[in-house]
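What the coordinates show
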Amino acid sequence: MTIPQTPFIIFGYGSLIFKPPPHVISQVSGFLKGYVRRFAQKSHDHRGTPENPGRVVTLIHKEDWDRFSAADAFPDEDVVWGVAYTIDPLYVSEVRDYLVTSLPQDGYTLETLDIYTIENGTEKVIIHNCYVGRPDNPSFLGSEPIDALAERISQSVGPSGRNKDYLYRLAESVRELAPASYDSHLYALEVSTFSSFHISIAQSD
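In the nomenclature of an unreviewed UniProt entry, the protein chain is known as glutathione-specific gamma-glutamylcyclotransferase of Paxillus involutus ATCC 200175.

Below is the structure:
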């Protein structure tokens, strides 16, 4: 058996934050610079269906996102918090296969990025592999108004569960990563989706 010499480190910025991959030997909270996390990806296989696709987060370079969303509510943010997982070298192939089957596949490619973390008050860079959403894939939607996005998320359900539960769990997990962790888009969408869901319940009564 050939054991990889370079550590295989996966940066979780979506569901991997609260549902880590297997065979993790260490993990650290950290952040990307120059990227945004947005609910800009259709989910027809996890949090929705082909007839009613839900929405999941994707990671997009800030310069790319600016071309798609001139009206973004948080145009100055370009930091994404998440978790860097170091995988046991003996199980790298197994974890790669796990990621292929457990994550939405449209538009996700494996790239090497810099992740920052803070140790003893100093920023430290980690070089690792990270799944990155590309804006030229069939499931990329670009920017949607918060209210419309929230309504879609509040109503969508897929094989992996309710779309709104994915959003709520992600928002809660990001808050718990570190004292400085935040995501204004995520938190605003959380509030709007909560309101949209309860309005729809009231209207149906």
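Observations regarding the overall build of the protein chain
Counting its regular elements, the protein chain contains 5 helices and 9 strands. Each helix and strand of the protein chain, placed in order from N terminus to C terminus, yields the pattern β-β-β-β-α-β-α-β-β-α-β-β-α-α. A total of 205 residues make up the protein chain; the buried ones form 47% of that total. A separation of at least 24 residues holds for 74% of the contacts in the protein chain among residues at least 6 apart in sequence.

Thoughts on the pairing of strand β3 (residues 35–43)
In terms of burial, β3 is largely enclosed, as 8 of its 9 residues are buried. Where β3 lies against strand β4 (residues 54–61), 7 bridges are found, and the strand directions are antiparallel. Bridging from a neighbouring strand, Tyr 35 pairs with His 61 of β4.

A short note on helix α3 (residues 146–155)
For α3, the set of buried residues is Leu 149, Ala 150, Ile 153 and Ser 154. Buried residues along α3 cover an arc of 130 degrees about the axis, so they all sit on one side.

What to know about the pattern of salt bridges
Note that side chains of opposite charge can pair when their charged atoms are close. Taken as a whole and judged by the stated rule, the model has 9 salt bridges. For the salt bridge of Glu 123 with Lys 33, the shortest nitrogen-to-oxygen distance reads 3.1 Å. Of the two residues, Glu 123 is situated in strand β7 (residues 122–133) and Lys 33 in strand β2 (residues 24–33); the sequence distance between them amounts to 90 residues. Taking the relative accessible area as the measure of exposure, Glu 123 reaches 44% and is therefore partly exposed.

A look at the side chain of Ser 43
With respect to the element layout, Ser 43 can be found in strand β3. For Ser 43, a relative accessible area of 0% puts it in the buried group. A polar contact is formed between the side chain of Ser 43 and the backbone nitrogen of His 46, at a distance of 3.5 Å. At 2.8 Å, the side chain of Ser 43 and the backbone nitrogen of Arg 47 are in polar contact. Excluding residues that lie within four positions of it along the chain, Ser 43 makes contacts with Gly 48, Thr 49, Pro 53, Gly 54, Arg 55 and Val 56.

What about the nonpolar core?
Of all hydrophobic cores here, the largest spans 41 residues; its most connected members are Leu 32, Phe 39, Leu 170, Leu 186 and Leu 189. With 6 residues, the single largest contributor to this core is strand β5 (residues 79–87). In this structure, Val 36, Ala 40, Ile 60 and Trp 65 belong to the second largest nonpolar core, which totals 5 residues.

Conventions adopted
- Residues numbered from 1 in each chain as written.
- Predicted model: local features only at pLDDT ≥ 70, side-chain atom pairs only at ≥ 80, totals over all residues.
- Heavy atoms only, no water.
- Helix = DSSP H or I, 4+ residues; strand = E, 2+ residues; numbered from the N terminus.
- Buried < 20%, exposed > 50% of the residue type's maximum accessible area, 1.4 Å probe, protein only.
- Contact = heavy atoms within 4.5 Å.
- Pairing = 2+ DSSP bridges.
- Arc of directions from axis to C-beta.
- Salt bridge = Lys/Arg side-chain N within 4 Å of Asp/Glu carboxyl O.
- Polar contact = N/O pair within 3.5 Å; in protein donor to acceptor, adjacent residues only side chain to side chain.
- Core = buried A, V, L, I, M, F, W, Y, C linked by side-chain atoms within 4.5 Å.

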